[in-house]
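Listed here are the chains, written in short residue letters.
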Amino acid sequence: MAKIELSSEQKISLITKLQQYFEDELSHVVNIELGQFDAEFLLDFIAEEMGAQFYNQGLYDAQTILASKLDDINDAIFEIEKPLS
């Protein structure tokens, strides 16, 4: 699998979400402020170590949808078949 590449805008958005999560959910447990630099390293770690799982799940979900649509097409084709005499 190719390395997960994010645009600058995507990275900024995700880094902001990580920082907000740390602030909202973890500040009462640990006294850590997640700075821009640390958040970027954490995001890179998540992408490298866990990204393949999310990517693969997206592929499996797409395959399921595609298989369902192909079944619908096969059914539609079967419905318009002409009877053989």
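For the structure, check the block above.
Residues numbered from 1 in each chain as written. Predicted model: local features only at pLDDT ≥ 70, side-chain atom pairs only at ≥ 80, totals over all residues. Heavy atoms only, no water.

Draft legend 1. Main features of helix H1 (residues 8-26). The first and last C-alpha atoms of H1 sit 26 Å apart over 19 residues, in line with the 27 Å expected at 1.5 Å per residue. For H1, every residue scored as buried is listed here: Ile 15, Leu 18 and Phe 22. Projected down its long axis, H1 shows its buried positions confined to an angular sector of 60°, all on one face. In H1, the exposed residues that point more than 90 degrees away from the buried face are Glu 9, Ile 12, Lys 17 and Glu 23. The secondary structure elements touched by the buried residues of H1 are helix H2 (36-79). (Helix = DSSP H or I, 4+ residues; strand = E, 2+ residues; numbered from the N terminus. Expected span 1.5 Å × (residues − 1). Buried < 20%, exposed > 50% of the residue type's maximum accessible area, 1.4 Å probe, protein only. Arc of directions from axis to C-beta. Contact = heavy atoms within 4.5 Å.)

Draft legend 2. Highlighting the nonpolar core. Ranked by size, the top nonpolar core spans six residues in total: Ile 15, Leu 18, Phe 22, Leu 34, Ala 39 and Leu 43. Elements with a minimum of two residues in this core: H1 and H2. Considering each element in turn, this core owes the most residues, three residues, to H1. Beyond its immediate chain neighbours, meaning those up to four positions away, Leu 18 contacts Leu 34, Ala 39, Leu 42, Leu 43 and Ile 46. (Core = buried A, V, L, I, M, F, W, Y, C linked by side-chain atoms within 4.5 Å.)

Draft legend 3. Main features of the packing of aromatic side chains. Under the counting rule described, the total for this entry stands at one aromatic pair. For the ring pair Phe 37 and Phe 41, a centre distance of 4.7 Å and an interplane angle of 85° mean the geometry is edge-to-face. Separated by four residues within a single helix, Phe 37 and Phe 41 lie in helix H2, roughly one turn from each other. (Phe/Tyr/Trp six-rings, centres within 6.5 Å; stacked < 30°, edge-to-face > 60°.)

Draft legend 4. Looking closely at the environment of Ile 65. Of note, Ile 65 is situated in helix H2. Considering only alpha carbons, one finds Ile 65 and Leu 34, 31 residues apart in sequence, at a separation of 38 Å.

Remember that the coordinates give geometry; whether it matters functionally is a separate question.
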